[in-house]
Amino acid sequence: MNYPINEIFQTIQGEGYYTGTPSIFIRLQGCPVRCQWCDTKYTWTCSNNNQISYEELVKKKISDQTWSYINAIQILENIKKKEWTAKHVVITGGEPCIYNLLYLTTELEKQGFKCQIETSGTKIIKCSSNTWVTVSPKQHQNTLPASILRSDEIKYPILKQEDLFYLEKMLSMVKNKKCRVFLQPISQNQEALKICIKNCIIKNWRLSIQLHKYILIK
Ligand SMILES: C[S@@+](CC[C@H](N)C(=O)[O-])C[C@H]1O[C@@H](n2cnc3c(N)ncnc32)[C@H](O)[C@@H]1O
Ligand SMILES: Nc1nc2[nH]cc(C(=O)O)c2c(=O)[nH]1
Ligand code: SF4
Ligand SMILES: [Mg+2]
């Protein structure tokens, strides 16, 4: 099965529960959700005009809207060829759950990788049962309660205190589920950081600051 991939890179996970974990990122192309503060807008459209070859994709040095159809075997070949050592794979995007990720996560697990998906939860999540699912609820496009139920962590970007109303509404829909909640300031906004810190302490939630943006890694 081929997936439209924007970039594949090895770095340190900068967000959420696995912050600090050496990770191989697989960024898929395409997202219909269109959050206006999104920091990966270059993945939103999957236009044929921006399609490049596998050979060009694996050599990409900059983050732009070019992408290539790549299958799991080619991904594994690329990881081996680049001698990457991380065993944690983060499938992100764009919105990766517009695609069926069951095949990709299963093939990666067969080779000993731990898979994590970063998703808005606005689409039905199709992946292996061992995959760690990070759901980032989105107010304007209605994250599915089923996604919250499947989630291993909820990572909620906020700008202002009122943004928390939607998170509380989503959590109230899954009363019996114990959720791991992370608050994440949007775009390193310092006022939002203060609001995140205040509410994490009150609610005993955890803070996610996008570490990679502070230590200037990809
Ligand atoms: C780029 S998104 C891709 C995965 C998926 N579409 C989603 O929204 O979860 C990965 C994570 O980055 C967060 N994010 C995107 N832009 C951000 C920004 N400007 N500030 C903070 N977090 C941001 C998203 O909320 C999500 O948790
Ligand atoms: N280092 C690093 N950690 C991340 N965690 C989630 C990311 C994303 O864009 O999905 C991301 C990213 O782009 N870089
Ligand atoms: S759902 Fe994720 S990728 Fe899509 S616009 Fe929102 S933050 Fe960006
Ligand atoms: Mg990112």
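Please read these numbers as outputs of a predicted model, since none were measured by experiment. (Residues numbered from 1 in each chain as written. Chains lettered and ligands numbered in written order. Predicted model: local features only at pLDDT ≥ 70, side-chain atom pairs only at ≥ 80, totals over all residues. Heavy atoms only, no water.)

Just to check I follow, could you spell out the overall build of the protein chain for this structure?
What the protein chain contains, in helices and strands, is 7 helices and 9 strands. At 17 Å, the protein chain has a C-alpha radius of gyration in line with the 17 Å of a compact globule built from 218 residues. The principal-axis extents of the C-alpha atoms in the protein chain amount to approximately 50 × 35 × 30 Å. Buried residues in the protein chain amount to 53% of all 218 residues. The contacts in the protein chain between residues at least 6 apart in sequence include a share of 57% that link residues at least 24 apart. As displayed, the protein chain has an accessible area near 10,600 Å², and 54% of this comes from carbon and sulfur atoms. (Helix = DSSP H or I, 4+ residues; strand = E, 2+ residues; numbered from the N terminus. Rg over C-alpha atoms; globule rule 2.2 N^0.38 Å. Buried < 20%, exposed > 50% of the residue type's maximum accessible area, 1.4 Å probe, protein only. Contact = heavy atoms within 4.5 Å. Areas by Shrake-Rupley, 256 points an atom, 1.4 Å probe, with all protein chains shown as cover.)

Is there a simple way to explain the UniProt feature "binding site: S-adenosyl-L-methionine" (unreviewed entry) in the protein chain in this structure?
The sites that carry the UniProt feature "binding site: S-adenosyl-L-methionine" (unreviewed entry) are, in the present numbering, Trp37, Cys38, Asp39, Gly94, Ser136, Pro137 and Lys138. Checking the annotated residues one by one, the ones that line the largest pocket turn out to be Trp37, Cys38, Asp39, Gly94, Ser136 and Lys138. Structurally, glycine 94 can be placed in the loop between strand S4 (88-92) and helix H3 (102-110). If sequence neighbours within four positions are ignored, glycine 94 has contacts with Leu28, Gly30, Cys31, Thr40 and Thr43. Here serine 136 lies in the loop between strand S6 (132-135) and helix H4 (145-150). (UniProt positions renumbered as here; feature names shortened; annotations may be inferred. 1 Å grid on protein atoms, 1.4 Å probe; cavity = no way out; pocket = protein on both sides within 12 Å on 5 of 7 lines; lining within 4 Å.)

I keep staring at the site of ligand 3 and nothing clicks. Help me out?
The full set of residues close to ligand 3 is Cys31, Val33, Arg34, Cys35, Cys38, Thr40, Trp44, Gly94, Ser120 and Lys138. Mapping ligand 3 onto the cavity grids shows that it belongs to the largest pocket. Considering only residue class, the shell around ligand 3 consists of 5 nonpolar, 3 polar and 2 charged. (Near = heavy atom within 4 Å. Sits in = over half its atoms within 2 Å of the grid points. Nonpolar A, V, L, I, M, F, W, Y, C, P; charged D, E, K, R; others polar.)

Would you mind showing me how to read the nonpolar core here?
Across soluble globular proteins, nonpolar side chains have a tendency to be buried as a group. The biggest cluster of nonpolar side chains holds 47 residues, and the ones touching the most others in it are Ile5, Ile8, Leu101, Leu108, Leu167 and Leu183. The element contributing the most residues to this core is helix H5 (residues 164-172), with 5 residues. Those residues in contact with leucine 108, other than ones at most four positions away along the chain, are Ile26, Leu76, Val89, Ile91, Phe113 and Cys115. Within the second largest apolar cluster, 5 residues are counted, among which are Val33, Cys35, Cys38 and Trp44. (Core = buried A, V, L, I, M, F, W, Y, C linked by side-chain atoms within 4.5 Å.)

Teacher, can you tell me more about the pattern of salt bridges here?
One side chain can pair with another of opposite charge once the charged atoms of both are near each other. For the coordinates displayed, the defined rule picks out 11 salt bridges. Between lysine 213 and aspartate 39 there is a salt bridge whose closest N-O contact spans 2.7 Å. With lysine 213 in helix H7 (residues 211-215) and aspartate 39 in the loop between strand S2 (22-28) and helix H1 (54-57), the pair connects residues that are 174 residues apart, well separated along the chain. Each of Glu7, Arg27 and Lys218 takes part in salt bridges that share partners, so that together they form one network. (Salt bridge = Lys/Arg side-chain N within 4 Å of Asp/Glu carboxyl O.)

Just to check I follow, could you spell out the packing of aromatic side chains for this structure?
Considering all chains together, one arrives at 5 aromatic pairs under this definition. Judged by centre distance (5.2 Å) and plane angle (10°), the rings of phenylalanine 9 and phenylalanine 25 are stacked. With a gap of 16 residues between them, phenylalanine 9 in strand S1 (residues 2-12) and phenylalanine 25 in strand S2 connect regions that are remote in the sequence. Pair check on accessibility: phenylalanine 9 and phenylalanine 25 agree, each one buried. For the ring pair tyrosine 18 and tryptophan 132, a centre distance of 5.1 Å and an interplane angle of 80° mean the geometry is edge-to-face. Of this pair, tyrosine 18 sits in the loop between S1 and S2 while tryptophan 132 sits in strand S6, and the two are 114 residues apart along the sequence. Assessed through its relative accessible area of 17%, tyrosine 18 is described here as buried. Here tryptophan 132 falls in the buried class, since its relative accessible area comes to 8%. Three or more aromatic residues joined by ring pairs form one cluster here, namely Tyr17, Tyr18 and Trp132. In this arrangement the basic side chain of lysine 218 is found over the ring face of phenylalanine 9, its NZ or CZ atom lying 4.8 Å from the centre. (Phe/Tyr/Trp six-rings, centres within 6.5 Å; stacked < 30°, edge-to-face > 60°. Lys NZ or Arg CZ within 6 Å of the ring centre and 35° of its normal.)

Help me out: how do you make sense of the state of the cysteines in this one?
Summed over all chains, the structure comprises 0 disulfides. Between cysteine 179, a cysteine without a disulfide, and cysteine 200, which holds the nearest cysteine sulfur, the sulfur-to-sulfur distance is 14 Å. (Disulfide = S-S within 2.5 Å.)

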